[in-house]
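Listed below are the residues making up each chain.
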Amino acid sequence: DCPYQLAEDSPDRPVDSTLLKTRVYPGDVIIAGSDGVFDNLADDEIIRIVYSCPEKSNAMARKIIEQSRIVSLDKEAPTP
């Protein structure tokens, strides 16, 4: 996995990115995060956290961050 890297010394530019479009409906939850989240938590783990905090976005974000950190520090943890 070698994602695009945007930095002053990188040849990658925003125009090189992939554009995706999807419909969003009332009640949908959008999770935005960095590789610190998505390299450490599988989709099903993130979904479990989301369902455990209905309508509480701050609690949801906090739990996702905390679990990502726990997994990142565990050298034996299986990661995506």
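Criteria and thresholds
- Residues numbered from 1 in each chain as written.
- Predicted model: local features only at pLDDT ≥ 70, side-chain atom pairs only at ≥ 80, totals over all residues.
- Heavy atoms only, no water.
- Helix = DSSP H or I, 4+ residues; strand = E, 2+ residues; numbered from the N terminus.
- Contact = heavy atoms within 4.5 Å.
- Core = buried A, V, L, I, M, F, W, Y, C linked by side-chain atoms within 4.5 Å.
- Buried < 20%, exposed > 50% of the residue type's maximum accessible area, 1.4 Å probe, protein only.
- Lys, Arg positive; Asp, Glu negative; His and termini not counted.
- Salt bridge = Lys/Arg side-chain N within 4 Å of Asp/Glu carboxyl O.

Chemist: Just to check I follow, could you spell out the environment of Leu 6 for this structure?
Modeler: Here Leu 6 is to be found in the segment before α1 (35-38). Sequence separation between Leu 6 and Ser 17 is 11 residues, and the spatial gap between their C-alpha atoms is 10.0 Å. If sequence neighbours within four positions are ignored, Leu 6 has contacts with Asp 12, Arg 13 and Pro 14.

Chemist: How should the nonpolar core be read in this particular structure?
Modeler: Burial of nonpolar side chains together is a common tendency in soluble globular proteins. By size, the foremost hydrophobic cluster in this structure holds 10 residues: Val 37, Leu 41, Ile 46, Ile 49, Val 50, Cys 53, Met 60, Ile 64, Val 71 and Ala 77. Among the secondary structure elements, those contributing two or more residues to this core are α2 (43-52) and α3 (57-73).

Chemist: Which parts of the structure should I look at to understand the side chain of Asp 12?
Modeler: The topology assignment puts Asp 12 in the segment before α1. Here Asp 12 sits buried without a salt bridge, and the closest side chain of opposite charge, Arg 13, lies 7.7 Å off (N-O distance). Ignoring sequence-local partners within four residues, the contact set of Asp 12 consists of Tyr 4, Gln 5 and Leu 6.

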